[in-house]
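Summary of structural features
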Amino acid sequence: MDSDHLPFIIENLKEDTGFLLLQVSNLWGNYHDKALKRNHGLSHMQYAILASVTWLVYKSGKQVTQSLLAQHTKVNPMTISQMLKVLEAKGYVFRTKHPSDIRANVVHLTQEGNVLMNSAFNTIWSIDESFFKALGKNSVRFNLYLNHLLDAND
């Protein structure tokens, strides 16, 4: 394919928002993966699901279902299901039948899951502080822009 027939509009990838988001997201996720695997035996996605269960249990007071986790994380339900199976096999969560929805299960943290979450959270907090330090005082604006994207596309 010669360059006259390339499908790209942007000449410089440093101006391609989608590609930049891909790179930053993967770099950030890789930092998480390395530290979580080394220190806690978790993947980045397993941590994200475990952290979301923790957040939803303690902050929302709602019964946490696979559907609620998918809405909260913007991760597809099949991936949520796979991660819950892994976390359940590791003894970090367990599921019970939902009291009013026969199709749903409620996700609960085990004692071991709570302990792991507290330890893993400290690891992730430290990585995020270091990773996003480059934003300085612009972090508030950066988060505002991310929230605008979520609101506009949800």
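The present account deals with the structure reproduced in this document. (Residues numbered from 1 in each chain as written. Predicted model: local features only at pLDDT ≥ 70, side-chain atom pairs only at ≥ 80, totals over all residues. Heavy atoms only, no water.)

**Observations regarding the pattern of salt bridges**
Enumeration according to the criterion identifies three salt bridges in this entry. The shortest N-O distance in the salt bridge between D154 and K74 comes to 3.2 Å. Within this pair, whereas D154 is found in the segment after α6 (139-153), its partner K74 is found in the loop between α3 (66-73) and α4 (77-89), the two being separated by 80 residues in sequence. A residue is classified by how much of its surface remains accessible, and D154, at 69% relative accessible area, is exposed. For K74, a relative accessible area of 46% translates into the label partly exposed. Across the salt bridge formed by R103 and D101, the nearest N and O atoms sit 3.3 Å from each other. Judged by its relative accessible area of 75%, R103 is exposed. By relative accessible area, D101 is classed as partly exposed at 24%. (Salt bridge = Lys/Arg side-chain N within 4 Å of Asp/Glu carboxyl O. Helix = DSSP H or I, 4+ residues; strand = E, 2+ residues; numbered from the N terminus. Buried < 20%, exposed > 50% of the residue type's maximum accessible area, 1.4 Å probe, protein only.)

**Re a nonpolar patch on the surface**
A grouping of F142, L146 and L149 is seen on the molecular surface, where their side chains present a nonpolar patch of about 240 Å² in accessible area. By the element assignment, L149 lies in helix α6. (Patch = residues over 30% accessible without salt bridge, like charges linked within 9 Å, V, L, I, M, F, W, Y side chains within 5 Å. Areas by Shrake-Rupley, 256 points an atom, 1.4 Å probe, with all protein chains shown as cover.)

**Some words on the nonpolar core**
General note: in soluble globular proteins, nonpolar side chains tend to be found buried as a group. The biggest cluster of nonpolar side chains holds 25 residues, and the ones touching the most others in it are L42, Y47, I49, L50 and L69. Only α2 (44-60), α3, α4, β2 (105-109) and α5 (111-132) provide two or more residues apiece to this core. At six residues, α2 tops the list of elements feeding residues into this core. Once you skip the residues sitting within four places of it in the chain, L42 turns out to touch D33, L36, K37, Y47, L50, L87, K90, Y92, L116 and A120. (Core = buried A, V, L, I, M, F, W, Y, C linked by side-chain atoms within 4.5 Å. Contact = heavy atoms within 4.5 Å.)

**With respect to α2**
Compared with the 24 Å implied by 1.5 Å per residue over 17 residues, the 23 Å span of α2 between its first and last C-alpha is a close match. Taken together, the buried positions of α2 are occupied by H44, Q46, Y47, I49, L50, A51, S52, V53, T54 and L56. Elements that come into contact with the buried residues of α2 comprise α1 (17-40), α3, α4, β1 (93-97), β2 and α5. Downstream of α2 by one or two residues, G61 has phi in the positive range, about 75°. (Expected span 1.5 Å × (residues − 1).)

**Observations regarding the packing of aromatic side chains**
Counted under the stated rule, the structure contains five aromatic pairs. Each ring, one from Y31 and one from F131, has its centre 5.8 Å from the other, and the planes form 65°; the classification is edge-to-face. You can see Y31 sitting in helix α1 and its partner F131 sitting in helix α5, a full 100 residues away along the chain. On the basis of relative accessibility, which here comes to 42%, the residue Y31 falls in the partly exposed class. Note on F131 and F132: the rings are 5.0 Å apart at their centroids and 80° apart in plane angle, and the pair reads as edge-to-face. Taken together through their ring pairs, the aromatic side chains of W28, Y31, F131, F132 and F142 make up a single cluster. (Phe/Tyr/Trp six-rings, centres within 6.5 Å; stacked < 30°, edge-to-face > 60°.)

**Focus: the side chain of H44**
Take H44: it is sitting in helix α2. There is a polar contact of 3.0 Å between the side chain of H44 and the side chain of H32. Setting aside residues up to four positions removed in sequence, H44 forms contacts with W28, G29, H32, D33 and L36. (Polar contact = N/O pair within 3.5 Å; in protein donor to acceptor, adjacent residues only side chain to side chain.)

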